[in-house]
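These are the residues of each chain, in order.
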Amino acid sequence: MTRTLRIATRKSPLALWQTEHVAARLREAHPGIAIELVPLSTRGDVVLDRSLAAIGGKGLFLKELEEAMQDGRADLAVHSLKDVPMQLDPGFALAAILARANPFDAFVSNHHANFNDLPKGAVVGTSSLRRQAQIRALRPDLQLRDLRGNVNTRLAKLDAGEFDAIVLACAGLERLGFDARIRAELAPPQFLPAVAQGAIAIETRDDDADVAALCAVLHDRDTDLRVRAERAMNLALHGSCQVPIAGFATLEGDTLHLRALVGDAASGELLRAESKASAQDPESLGRHVAGQLRTLGADRLLNPHP
């Protein structure tokens, strides 16, 4: 095979790592193929003085990459699946979802081992409303402050003394070689990650069957089933990064187990639901758990200002 694939990617170190990982997997699967990276800046990367919720949500990390595919500068794009909206714009499709890495959040601090060790009033950095809601439920006495930027920037702010602790995704830290910075994993059942956290997705134009077929060999069935349940739950709740929603599915044999929550970042109130079902229909499980959350009163948290 002699064709060249051009991959659109964000310029952050983590995005470039993920894209290089995909490129290496594609070269391994298709010997002789040539890969070119097309690094781009997205609005989500450029506007760092406001939270994602304030500037329009996670889709801000996709638009410029999709435009590059539309106008022929790129054949595919690599994303963190947690940044991909539940419904893609017309003309695009997900060609593959890679095997999930560590899906949990990490407690990172230079002086404290976990949340329980933080002194009253300690400053914790995160811009994620989902993380804020769960931290406030756990430790309402802490001060939560926004923290934006790539992984290296966030760690540098911690090291400069701006925060007593910060919360980041384990997968990003591990991919960049910062495993040693993880003091504690924030894991279920107490702490739930973002929907699809830890999974890498490949996006293509929906009319480009050749590129989709080349990428399909990287698709991981088990991860796909799990994130389909999580994303269906989020979609049923009309979730975005403007509202604190978390979800995590596990696969045991042919049974999916989905845990989810909706929270309030200001008060720390959390509504939790979970259910198990056949892996044959992940979307139905996601919608069922979303219905449970609605029965518990999720709409009051999802739409606080009618």
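Scroll up to find the structure.
Keep in mind it's a predicted model, so treat the numbers as computed, not measured.

Conventions we followed
- Throughout this document, residue positions are counted from 1 along each chain, in the order its sequence is written.
- In keeping with the predicted nature of the model, local features appear solely for residues at pLDDT of at least 70, side-chain atom pairs appear and are counted solely at 80 or more, and the whole-chain, interface and lining totals rest on all residues.
- Derived side-chain values reflect all non-hydrogen atoms in the structure, with water molecules and hydrogen atoms excluded from consideration.
- Secondary structure elements are taken from DSSP: a helix is a run of H or I of four residues or more, a strand is a run of E of two residues or more, and numbering for both begins at the N terminus.
- Just to be clear, the radius of gyration here is over C-alpha atoms, and the globule rule we use is 2.2 Å times residues to the power 0.38.
- Only protein chains enter the accessibility calculation, which uses a 1.4 Å probe. A residue is then buried if its area is under 20% of the maximum for its type, exposed if over 50%, and partly exposed in between.
- It only takes one pair of heavy atoms within 4.5 Å for two residues to be counted as in contact.
- All accessibility values rest on the Shrake-Rupley procedure with a 1.4 Å probe; residue burial counts only the protein chains present in the view.
- Strands pair, by our definition, only if DSSP identifies at least two bridges between them.
- Only the contacting stretch of a helix is used when fitting its axis, a line to C-alpha atoms as for every element, and angles between N-to-C directions run 0 to 180 degrees.
- In protein, a polar contact means a hydrogen-donor-capable atom and an acceptor-capable atom, both N or O and within 3.5 Å, with residues adjacent in sequence counting only if both atoms are side-chain atoms; elsewhere, any N or O pair within 3.5 Å suffices.

**Observations regarding the overall build of the protein**
Part 1 of the reasoning: If you tally the helices and strands in the protein, you get 11 helices and 13 strands.
Part 2 of the reasoning: Its C-alpha atoms give the protein a radius of gyration of 19 Å, within 12% of the compact-globule value 19 Å for 306 residues.
Part 3 of the reasoning: Judged by the C-alpha coordinates and their principal axes, the protein covers about 60 × 45 × 40 Å.
Part 4 of the reasoning: Taken over 306 residues, the protein has a buried fraction of 53%.
Part 5 of the reasoning: For the protein, long-range pairs separated by at least 24 residues make up 68% of all intrachain contacts whose partners lie at least 6 apart in sequence.
Part 6 of the reasoning: If you sum the accessible surface of the protein, you get close to 13000 Å²; carbon and sulfur atoms cover 48% of it.

**Side note on the sheet that holds strand β6 (residues 123–125)**
Part 1 of the reasoning: One open sheet accounts for 5 strands, arranged β7-β6-β8-β5-β9; its pairing is mixed. In the strand order of this sheet, the two ends are held by β7 (143–145) and β9 (184–186), each with one partner. Strand-to-strand, the axes of this sheet are offset by a mean angle of 30°, without reference to chain direction.
Part 2 of the reasoning: Sheet analysis places β6 next to strand β8 (residues 165–169), joined by 2 bridges and oriented parallel. Among the inter-strand pairings, Gly-125 is bridged to a residue of β8, identified as Ile-166.
Part 3 of the reasoning: Against the sheet, helix α5 (residues 129–138) contacts β5 (105–108), β6, β7 and β8, and its axis sits at roughly 130° relative to β8.

**Some thoughts on the environment of Asp-159**
Part 1 of the reasoning: Here Asp-159 shows up in helix α6 (residues 151–159).
Part 2 of the reasoning: In the structure, Asp-159 is positioned 23 residues away from Arg-136 in sequence and 23 Å away in space, judged by C-alpha atoms.
Part 3 of the reasoning: The contact partners of Asp-159, leaving out residues within four places of it in the chain, are Asn-110 and Arg-181.
Part 4 of the reasoning: Side-chain polar atoms of Asp-159 contact the side chain of Asn-110, separated by 3.0 Å.

**Some words on unusual backbone geometry**
Part 1 of the reasoning: Across the junction of Pro-188 and Pro-189, the peptide omega takes the value 5°, indicating a cis bond.
Part 2 of the reasoning: With respect to the helices and strands, Pro-189 occurs in the loop between β9 and β10 (200–205).
Part 3 of the reasoning: The phi dihedral of Ala-196 is positive, around 70°, even though this residue is not glycine.
Part 4 of the reasoning: Inspection of the secondary structure puts Ala-196 in the loop between β9 and β10.

So yeah, pure geometry; function would need other evidence.
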